Amino acid sequence: MNTISSAPSASQPPLAFRRSSLAYKPGLARNRWNLAFTGLATVFSIIAVLPLVLVLAYVLIRGGSLISLQLLTSLPPAPGLDGGGIGNAILGTLVVTLIASLIAIPVGVGGGIYLAEYSSSGPFAQFVRFGTNVLSGVPSIICGVFVYGLIVATRLFFDQSYSAMAGGIALSVLMLPTVIKTTDEALKLVPNELRWGAIGIGASRFVTIVRVTLPAAVSPIATGVVLAIARAAGETAPLIFTALFSPFWPEGVFNPIATMSVLIYNFAIMPYEAQIALAWAASFVLVVMILAANLFARWLGRFAQA
Amino acid sequence: MSTAPASDPFVLRRRPLQERLVDQGFQRLTVVLASLVGIVLLGILLTVAMGSREAMATFGLGFLTTSDWDPSGERYGAFTAIYGTIVTSVLSLLIAVPLGVGTAIFITENLIPLRIRLVLGVMVELLAAIPSVVLGLWAIFVMEPFLRPILGGLYTTLGWLPIFSTEPQGPGMAPAILILVVMILPIITAISRDSLQQVPPELRSAAYGVGTTRWDAILQVILPAAVSGITGGVMLALGRAMGETMAVTMIIGNSTNFSWSLLAPGNTISSMLANQFGEADGQQVSALMYAALVLMLLTLVVNVLAQWVVRRLSLKYS
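Residues numbered from 1 in each chain as written. Chains lettered and ligands numbered in written order. Predicted model: local features only at pLDDT ≥ 70, side-chain atom pairs only at ≥ 80, totals over all residues.

A. Structural context of the overall build of chain A. Check the secondary structure of chain A and you find eleven helices and zero strands. Secondary structure of chain A in N-to-C order comes out as α-α-α-α-α-α-α-α-α-α-α. Its C-alpha atoms give chain A a radius of gyration of 28 Å, more than 25% over the compact-globule value 19 Å for 306 residues. When its C-alpha atoms are laid out on the principal axes, chain A stretches across 100 × 65 × 35 Å. When burial is assessed residue by residue, chain A has 45% of its 306 residues classed as buried. Of all intrachain contacts in chain A linking residues separated by at least 6 positions in sequence, the fraction that spans at least 24 positions is 73%. (Helix = DSSP H or I, 4+ residues; strand = E, 2+ residues; numbered from the N terminus. Rg over C-alpha atoms; globule rule 2.2 N^0.38 Å. Buried ≥ 20, exposed ≤ 12 C-beta atoms within 10 Å, placed from the backbone. Contact = placed C-beta atoms within 7 Å.)

Printed below as a string of structure tokens:
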């Protein structure tokens with residue numbers, strides 16, 4: 001009669017239904033494996049966060065201890081001399097990033113508006129989306145090579161070769177995909193009822209976009225733009241042979257310009273203590289700026305959800 | 001009756017000319033701005049391809065398989081850099097994938113309180129925000145000196161293997177691989193986390209319901225369900241690792257001499273570009289452009305494949 005091997009008696013239910021079978025048995029092989037994998041995942045996570053902690057600690061301690069008003073406002077010293085600062089590089093990073101933003105934000109937001117508002121599923125829009133993804137995968141050094149070939153080697157601007165403008169354009173190519181993508185996605189999240197409402201009371205397409213949908217999507221777009229700017233500010237590879245470097249204060253946007261990222265690269269491999277110290281100080285300023293921008297973007301994003 | 005007075009607010013009127021012009025003009029403008037993406041992409045491809053014509057004609061496909069890099073003798077072969085690019089990116093991926101996926105599981109599972117998990121997630125994302133050049137600086141002055149005795153140990157014990165056959169003397173491929181791990185870890189973690197979170201909770205409930213342990217459910221049900229998203233993320237990370245420039249340039253040693261050893265200084269295509277492009281002239285520029293073209297095609301293939309994999313995932317779960 002019984003299909004269960006351990007026959008039920010009056011006092012004992014079948015083995016599978018005994019209360020003791022529900023108890024956690026730490027000695028079982030599968031429970032041991034379970035514990036081992038949990039331990040492994042914990043170790044992996046600690047290893048994953050460790051670099052951030054270590055890099056931040058070194059940058060904050062070695063760089064932060066050097067920061068002074070004089071360092072932030074003076075020019076780098078000649079090789080072999082002490083003192084000096086990174087004032088021109090801070091200013092240069094701001095200038096180049098500003099140029100890049102002035103190009104990438106209008107173009108990117110405009111492109112994103114086209115994708116989300118005018119042709120969200122047409123073949124051309126699909127092509128542009130595909131191109132955006134491909135462009136975001138192009139190595140940043142290739143953007144530098146591109147701008148070098150297009151602008152620096154051809155002396156496109158007033159017969160100047162290396163210039164802040166060329167550097168800014170190279171950075172804008174890097175920012176463009178991020179800005180387009182975030183604008184596209186932010187606009188797609190705006191409920192269609194808002195658009196219908198605006199069209200229904202007689203607004204034109206242009207007015208609907210500028211007065212209704214864009215304001216509704218402004219906070220996620222701003223988040224993406226801030227993140228793109230933060231990323232561009234730290235980029236080095238596209239600047240090495242476009243903006244080059246300069247030991248002097250910026251002399252207009254059509255001349256070579258110093259930036260913090262190129263300063264770190266150039267000074268880190270110099271055999272002089274003063275230059276290496278400046279590289280750490282510039283890292284500190286750059287990291288603080290970028291982390292602040294990231295936290296700001298995070299705050300903007302939370303603002304968007306509320 | 002057929003013509004209503006002009007003041008009637010309910011009459012449909014044509015928009016004024018000015019309004020129509022603005023409307024159409026704006027639409028055209030956005031089309032132009034959107035097509036800039038394609039133009040820039042095409043421009044990049046054309047610039048690099050045109051720049052490399054001369055080297056392509058001189059060296060042909062032999063450029064890819066020879067490893068002479070001699071600017072004074074005008075003989076160029078990019079095998080050292082291509083080998084460096086592929087070896088550093090693939091090996092860094094081998095280390096970063098278990099770490100990243102493990103971290104993603106740790107963040108999505110409820111092993112520890114939500115608050116700590118959120119902090120961990122934010123920390124990994126902030127790691128992605130640290131500029132490559134700062135990681136390079138850290139690698140030169142902190143990581144490499146710390147690593148040197150360990151790599152020296154590898155050389156003394158496993159030196160008979162070709163990949164450990166040189167004595168570590170500072171910058172080299174091995175530290176470059178490790179700094180690449182740090183750089184691609186956030187991408188792998190973020191994308192794995194997103195794909196794990198997309199797995200329908202019913203799958204997990206069903207697995208627990210038939211009596212699996214937590215890790216049985218993860219390894220046999222949840223990970224297989226998320227595998228295409230994770231694969232897409234891994235491929236994106238591979239593309240990123242291939243093109244990553246600054247940190248690698250600062251720590252890899254920039255040697256154009258070929259060596260199988262991971263402990264020897266080496267080169268990647270991007271580090272070679274960063275290191276030489278500014279001072280190159282004549283045929284060297286063309287040879288560097290040719291190398292850039294190779295890098296671009298490599299990353300292009302990897303990225304398009306990644307997109308294809310990711311698209312397959314989104315079809316499956318949306």
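B. Up close: the overall build of chain B. A tally of regular secondary structure across chain B gives eleven helices and two strands. Listing each helix as α and each strand as β along chain B from the N terminus yields α-α-β-β-α-α-α-α-α-α-α-α-α. Against the compact-globule benchmark of 20 Å for 318 residues, chain B has a radius of gyration of 26 Å, which places it well outside the compact range. Along the three orthogonal principal directions, the C-alpha set of chain B runs to about 100 × 65 × 35 Å. By residue count, 47% of the 318 residues in chain B fall in the buried class. Once local pairs closer than 6 in sequence are excluded, the contacts in chain B between residues at least 24 apart make up 76%.

C. Broad picture of the interface of chain A and chain B. Every contact between the two is made by 67 residues of chain A and, on the other side, 72 residues of chain B. With 19 residues, helix H1 (residues 29-64) of chain A is the single largest residue contributor to the side of chain A that touches chain B. Among the residues making up the side of chain A that touches chain B, the classes are represented as 46 nonpolar, 19 polar and two charged. (Nonpolar A, V, L, I, M, F, W, Y, C, P; charged D, E, K, R; others polar.)

D. Fine view of unusual backbone geometry. In this structure, Leu244(A) takes a positive phi of about 55° despite not being glycine. By the C-beta count within 10 Å, which is 22 here, Leu244(A) ends up buried.

E. Representation of the nonpolar core within the structure. Formed by 182 residues in total, the largest nonpolar core has its most connected members in Leu263(A) and Ile179(B). Per-element accounting of this core gives the leading share, 17 residues, to helix H6 (residues 173-198) of chain B. In this structure Leu263(A) touches Ile86(A), Ala89(A), Phe245(A), Ala258(A), Leu278(A), Ala279(A) and Ala282(A), once residues within four positions along its chain are discounted. (Core = buried A, V, L, I, M, F, W, Y, C linked by C-beta atoms within 7 Å.)

F. Seen up close, the packing of helix H3 (residues 87-118) of chain A against helix H1 (residues 17-51) of chain B. Closest axis-to-axis distance for the H3(A)/H1(B) pair is 7 Å, and the angle between their directions is 110°. Looking at the two axes, H3(A) sits roughly perpendicular to H1(B). In this structure, H3(A) crosses over H1(B), and the sense of that crossing is left-handed. Residues Val107(A), Gly110(A), Gly111(A), Ile113(A), Tyr114(A), Leu115(A) and Tyr118(A) of H3(A) lie in contact with H1(B), whose contacting residues are Gln27(B), Leu29(B), Thr30(B), Val31(B), Leu33(B), Ala34(B), Leu36(B) and Val37(B). In terms of residue class, the contact of H3(A) with H1(B) is built from eleven nonpolar, four polar and no charged. (Axes fitted to C-alpha atoms, helices over the stretch in contact; angles between N-to-C directions. Parallel < 35°, antiparallel > 145°, perpendicular 65-115°, else oblique. Left-handed = near helix turned anticlockwise from the far one by under 90°.)

G. Broad picture of the environment of Leu111(B). With respect to the helices and strands, the residue Leu111(B) is situated in the loop between helix H3 (79-108) and helix H4 (114-129). Expressed as a C-alpha distance, the spacing of Leu111(B) and Arg214(B), which sit 103 residues apart in the sequence, is 10.0 Å. Once residues lying within four places of it in the same chain are set aside, the contact partners of Leu111(B) are Thr38(A) and Phe106(B).

H. Quick look at the packing of H1(A) against H4(B). Contact pair H1(A) / H4(B): the axes reach a minimum separation of 9 Å and the direction vectors enclose 50°. On the basis of their axis angle, the class for H1(A) and H4(B) is oblique. Where H1(A) crosses over H4(B), the handedness of that crossing is left-handed. Taking contact as the criterion, the partners of Ser45(A), Ala48(A), Val49(A), Pro51(A) and Leu52(A) in H1(A) are, on H4(B), Leu120(B), Met123(B), Val124(B), Leu126(B) and Leu127(B). Partitioning the contact of H1(A) with H4(B) into residue classes produces nine nonpolar, one polar and no charged.

I. Quick look at the confidence of the model for chain B. Mean pLDDT for chain B: 85, with 95% of residues reaching 70 or above. Overall fold confidence (pTM) sits at 0.86, and the ipTM for the predicted complex is 0.86. (pLDDT = per-residue confidence, 0-100.)

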